[in-house]
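Examining the three-dimensional arrangement
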Amino acid sequence: MCYFGGNAHAQANYCVTGCLQVQTLYLWKFTFNLVTYLVTFNSSKVTSSFLGRLRHFVEIIDPSTLFVSQEKLQECIKLLDDYKHGTLPPGTTDQQLWEAQKIKQAIIHPDTGEKIFMPFRMSGYVPFGTPIWLNQSHNACVNYANRNATKPTPASKFLQGYAGAVTSAVSIAVGLNVLIQKANKLSPATRMIIQRFVPFPAVASANICNVGLMRHSELSEGIDVLDNNSNVVGSSKIAARHAIMETALTRVVLPMPIFVLPPIIMSYLERLRFLQRNRRLLLPIHSVVCLITFGLSLPVAISLFPQMSQIEVSCLEPEIAMATDCKVVTYNKGL
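Values in this document were obtained by computation on a predicted structure and should not be read as measured data.

Points about the overall build of the chain
- Counting its secondary structure elements, the chain contains 15 helices and 4 strands.
- Sorting the 335 residues of the chain into buried and exposed places 40% on the buried side.
- In the chain, the proportion of contacts linking residues at least 24 apart, taken out of those at least 6 apart, comes to 66%.
- Surface accessibility of the chain: about 18,800 Å² in total, with carbon and sulfur atoms responsible for 63%.

As C-alpha cells, then:
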C-alpha cells in the first residue's frame, strides 16, 4: 500500500511514479534476460572481438547489480584481490571469480576505484533513463560518471559541462522540430514526412554534444596512457580525442534501433484484432516495445569499441613516444 503525507492528489502521483519505476525495472530485467538468452555464443569472455565485448557488457548491464549490498561488493573485491595475490580460499570456483569480477566492473569505476552512483551506472541507464522527462540530464550524468577519470575534474568544470550539455542537447532536439513546424512553405504531407526523420539526427546530435561537453576537460588535460605492464607512460590529448570520438559514436548508434524497430513492430501489432478493439492499450504496449528495444540496443552500442582501447605510440605526442619502448599503449575510453 502506498503512503504519502499530504492530500490525495499528491498521494496518487507518488503511487503512480513509484509503480512506473518498479514496472520499468521489471521490464528491464526481462529485457536483460532476453538479451542474455540471445547472446548464447561461447566467447570465453574475450573482449578483443565484438562478440566477446557484447557478452561482457551484457553481464555488466545486469540490473541485479543495482541491488548488490556494500558487504557483498567488499567480498567480491577481496576475492579478486586474493586471486591476484595467489591466496584464494580452498574450494573457490571459476564461476565465483567471474561473478565477483562482474559485480566489481558493474559498480566500481576502473580509474578512481570508487563506486559509481547507482542511477548513473550502465546497468541503470535503461531503467533510470527511460522514465525521466529530461533524459539528456540523465545522459549527462551517465557520461560523466563513466568517463576517463585519470585526471581530477573540478566541480566548476563539471557544472559548466553539465549546463552546456543539457542546454545544447535539448536546444538541438526541440529546435529542429520547431523549425519544421514553422516551415510554412512545405506542404503538410512533406512536413509530416520530414518530422518522422528529424528525431534521429536530433537525438544523435544532442548525444554527441552531451558526451563532448561533459568530458571536455579530457581534451584540455589529456588522459593517462598505459604500457604493457599497466604503468602510466604519460598524458595524451590525442588519446583523449580518440576516447571521446569513440564514445560519441556509440551514442549515435544507441538510438538507431529505437527509431527503426518500434514503428515496424507497432505497424504489425496495430493490425491485430485485439488491439483494434482495445485502442487504449496501444500506448503502454508501444512503451514496452521501446523499452525492450532500448535494452537490446544498449549492449550492442557500447560493445562497438573496447573500454580499454589501444593506440599506436606513433600516433601520439612525441613525448609519449620518447617515454616508452612499446609500440602500442592502452587507455580507458570510458563508456
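Considerations on the nonpolar core
- Counting 25 residues, the largest nonpolar core has Leu-73, Ile-107, Met-122, Tyr-125, Leu-254 and Leu-298 as the members making the most contacts within it.
- Secondary structure elements with two or more residues in this core: α2 (50–60), α3 (70–84), α4 (94–107), α5 (125–129) and α14 (282–302).
- With residues up to four places along the chain from it excluded, the contact list for Leu-73 reads Val-68, Ile-103, Lys-104, Ile-107, Ile-108 and Lys-115.
- Listed in part, the 13 residues of the second largest apolar core include Val-225, Val-233, Ala-240 and Val-313.

Remarks on the pattern of salt bridges
- What the rule picks out here adds up to 4 salt bridges.
- Across the salt bridge formed by Lys-78 and Asp-82, the nearest N and O atoms sit 3.1 Å from each other. Separated by 4 residues within a single helix, Lys-78 and Asp-82 lie in helix α3, roughly one turn from each other.
- Under the relative-accessibility criterion, Lys-78 is labelled exposed at 52%.

Topic: the side chain of Ser-236
- Here Ser-236 is to be found in strand β2 (residues 232–236).
- A distance of 3.0 Å separates the side chain of Ser-236 from the backbone nitrogen of Ala-239, its partner in a polar contact.
- Every residue in contact with Ser-236, bar those within four places of it in the chain, is listed here: Gly-222, Ile-223, Val-225, Leu-316 and Glu-317.

Let's talk about the confidence of the model for the chain
- Within the chain, residue pLDDT values average 76, and 78% of them lie at 70 or more.
- Ranking the elements of the chain by mean pLDDT puts helix α1 (residues 8–38) last with 47 and helix α11 (residues 237–253) first with 90.
- Counting contacts from residues 1–22, a segment whose pLDDT is below 50, to residues more than four positions away or on other chains yields 9 contacts.

Digging into the environment of Ile-302
- Summarising the element assignment, Ile-302 is placed in helix α14.
- Judged by relative accessible area, which is 4%, Ile-302 ranks as buried.
- Sequence-wise, Ile-302 and Val-58 are 244 residues apart; in three dimensions their C-alpha atoms are separated by 9.8 Å.
- For Ile-302, the residues in contact, after removing those within four places along its chain, are Phe-57, Ile-61 and Thr-250.

Brief notes about the packing of helix α12 (residues 256–269) against α14
- In the contact formed by α12 and α14, the axes pass within 9 Å of each other and the chain directions differ by 140°. Taken together, the axes of α12 and α14 lie oblique to each other. For the element pair α12 and α14, the recorded crossing hand is right-handed. For the pair α12 and α14, contact is made by Pro-257, Ile-258, Leu-261, Pro-262, Ile-265, Met-266 and Leu-269 and by Leu-282, Ile-285, His-286, Val-289, Cys-290, Thr-293, Phe-294 and Ser-297, respectively.
- Looking at side-chain class alone, the contact of α12 with α14 contains 12 nonpolar, 3 polar and no charged residues.

Focus on the pairing of strand β4 (residues 328–332)
- With respect to burial, β4 is a largely interior element, 4 of its 5 residues being buried.
- Two strands pair when backbone bridges link them, and strand β3 (residues 308–312) and β4 are joined in this way by 5 bridges, in the antiparallel orientation. Along β4, the bridge assignment pairs Ile-311 with Val-329.

Some details on the packing of aromatic side chains
- In this structure the tally under the stated criterion is 2 aromatic pairs.
- Aromatic side chains Phe-117 and Phe-120 sit 5.4 Å apart centroid to centroid with 70° between the ring planes, which places their arrangement in the edge-to-face category.
- Measuring from ring centre to ring centre gives 5.8 Å for Tyr-125 and Phe-294, while their planes differ by 70°; the resulting arrangement is edge-to-face. Of this pair, Tyr-125 sits in helix α5 while Phe-294 sits in helix α14, and the two are 169 residues apart along the sequence.
- Take Tyr-125: its relative accessible area is 3%, and that puts it in the buried class.

Remarks on the packing of α2 against α14
- Put simply, α2 and α14 touch, their axes get as near as 8 Å, and they point 130° apart. By the angle between their directions, the pair α2 and α14 is classed as oblique. The two elements α2 and α14 cross, and the hand of that crossing is right-handed. Across from Phe-50, Leu-54, Phe-57 and Val-58 in α2, the residues of α14 making contact are Pro-299, Val-300 and Ile-302.

Things to note about a nonpolar patch on the surface
- On the surface, a nonpolar cluster with roughly 400 Å² of combined accessible area is contributed by Phe-259, Val-260, Leu-261, Ile-264 and Ile-265.
- On the secondary structure map, Val-260 appears in helix α12.

Quick notes on α14
- In a regular helix each residue adds 1.5 Å, so 21 residues correspond to 30 Å; α14 covers 30 Å between its end C-alpha atoms and thus fits that length.
- Listing the buried residues of α14 in full gives Leu-282, Val-289, Leu-291, Ile-292, Thr-293, Phe-294, Gly-295, Ser-297, Leu-298, Pro-299, Ala-301 and Ile-302.

Conventions and cut-offs
Residues numbered from 1 in each chain as written. Predicted model: local features only at pLDDT ≥ 70, side-chain atom pairs only at ≥ 80, totals over all residues. Heavy atoms only, no water. Helix = DSSP H or I, 4+ residues; strand = E, 2+ residues; numbered from the N terminus. Buried < 20%, exposed > 50% of the residue type's maximum accessible area, 1.4 Å probe, protein only. Contact = heavy atoms within 4.5 Å. Areas by Shrake-Rupley, 256 points an atom, 1.4 Å probe, with all protein chains shown as cover. Core = buried A, V, L, I, M, F, W, Y, C linked by side-chain atoms within 4.5 Å. Salt bridge = Lys/Arg side-chain N within 4 Å of Asp/Glu carboxyl O. Polar contact = N/O pair within 3.5 Å; in protein donor to acceptor, adjacent residues only side chain to side chain. pLDDT = per-residue confidence, 0-100. Axes fitted to C-alpha atoms, helices over the stretch in contact; angles between N-to-C directions. Parallel < 35°, antiparallel > 145°, perpendicular 65-115°, else oblique. Left-handed = near helix turned anticlockwise from the far one by under 90°. Nonpolar A, V, L, I, M, F, W, Y, C, P; charged D, E, K, R; others polar. Pairing = 2+ DSSP bridges. Phe/Tyr/Trp six-rings, centres within 6.5 Å; stacked < 30°, edge-to-face > 60°. Patch = residues over 30% accessible without salt bridge, like charges linked within 9 Å, V, L, I, M, F, W, Y side chains within 5 Å. Expected span 1.5 Å × (residues − 1).

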